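Here is how the chains run, residue by residue.
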Amino acid sequence: MTLKRVKCKKMTVQEFMRRQIEGLEDDERFGTARNYRKALNSFTEYAGDGHLSFAALTERFVAGYNAWLLRRGVVRNTVSFYMRIWRAVYNRAVGQRLVEQAFPFRHVYTGIARTRKRAVGEEVIVRLAGLDLESSRPLRLARDLFLFSFYTRGMAFVDMAYLKKTDVRDGAIRYVRHKSAQVLSVRLEPCMKEIMERYAFSGSSYVFPLLTDGGEGEAYRQYESALGYYNRCLKRLSDLLGLEQGLSSYMSRHSWASVARNHQVPVAVISEGMGHSSEQTTRIYLAALENAVIDDANRRIIEALKMKREKGYESRGDY
């Protein structure tokens, strides 16, 4: 990463952070740059945009910032997220000899607390597939994206947005996960093909009409805008289905895992199918798991949904 190297020891914490963000954007790491900017905005709201030196970034100062975030109702994982970013930036400043290492983050929480993973059951998936949405193209696209994510073992929205037509070949969808850079292959099933064919008329190189063929910076801005609109459309779909728990962009991923588990698919297969190779336990004993095993599990899930729908699980109400 081409982060700006700073020699001036009078560089403030805020200015140093801005240099890091510029370097990330130069390297087209727009997601990380966005996260750094969120951390900077939060920090600036607490410390002001003045001349805070790295020497002033003490354990006491960090503890005060941590307490301030918690008092404002910021959830623990978000607080930890900010602290990990600032710890990395501080260590980078140490590496550039802007400050002597004093370990100011050693007494604040920087772990990841477990959160309840929300999912919907098979009946909701079937009802969603049965909605008549011909009068609303945005809602139909949102519904199709949610189902496509579910059918493809929980493909993340960012990966659907960047999915290109050239990624679909030889009866499979092969793509690189944005989050982990892991290459995944999903056997192409009729339900996936049906959804993709609805948007095949587009002259774009992308499968879905979310991004245009422009530069990386513009594509990332379009992705962020599309993600926000997608979640708003999912909220409307939740209302149409009368769900107490609203649908969201990550819920299709958790739902596939939940349904797979209910179909007695081994946890090892679920983990590999969703691209969880970064988890230490999964890496140890699943390194050589064949993709065919995962695809067979996925086909069983899709066939089970098809059978339920044919047996009469239809959407309720007049949509």
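Shown above is the structure to which this text applies.
These numbers come from a predicted model, not from an experiment. (Residues numbered from 1 in each chain as written. Predicted model: local features only at pLDDT ≥ 70, side-chain atom pairs only at ≥ 80, totals over all residues. Heavy atoms only, no water.)

**Student:** Quick one: what's the story with the pairing of strand S2 (residues 172–176), residue by residue and with numbers?
**Tutor:** Note: strand S1 (residues 168–169) against S2, two bridges, orientation antiparallel. What sits directly across from arginine 169, in S2, is alanine 172. Between S1 and S2, which pair antiparallel in sequence order, lie two residues; one of them, aspartate 170, sits at a positive phi of approximately 55 degrees. Counted between consecutive antiparallel strands, the loop separating S2 from strand S3 (residues 183–187) contains six residues, among which alanine 181 sits at a positive phi close to 65 degrees. (Pairing = 2+ DSSP bridges. Helix = DSSP H or I, 4+ residues; strand = E, 2+ residues; numbered from the N terminus.)

**Student:** So what about the sheet that holds S3? Which residues, and what values?
**Tutor:** The antiparallel open sheet is built from three strands, whose spatial order is S1-S2-S3. Edge positions in the sheet fall to S1 and S3, since each of these pairs with one other strand and no more.

**Student:** Tell me what's going on with the pattern of salt bridges, and back it up with residues and numbers.
**Tutor:** Across all of its chains, the model carries 14 salt bridges by this definition. Residue aspartate 144 is joined to arginine 198 by a salt bridge in which the shortest nitrogen-to-oxygen separation is 2.8 Å. Pair noted here: aspartate 144 is in helix H6 (residues 137–151) and arginine 198 is in the loop between helix H8 (190–197) and helix H9 (216–241), with a separation of 54 residues, a long-range link. Overall, the relative accessible area of 0% leaves aspartate 144 in the buried class. Accessibility expressed as a relative area gives 31% for arginine 198, which makes it partly exposed. (Salt bridge = Lys/Arg side-chain N within 4 Å of Asp/Glu carboxyl O. Buried < 20%, exposed > 50% of the residue type's maximum accessible area, 1.4 Å probe, protein only.)

**Student:** Residue-level account of the pairing of S3, with values.
**Tutor:** Residues in a regular strand point their side chains to alternate faces of the sheet. The sheet contact formed by S2 and S3 spans five bridges and is antiparallel. Each residue of the ladder has a partner; that of arginine 174, found in S3, is serine 185.

So, to be careful, I would describe these as geometric facts and stop short of saying anything about function.
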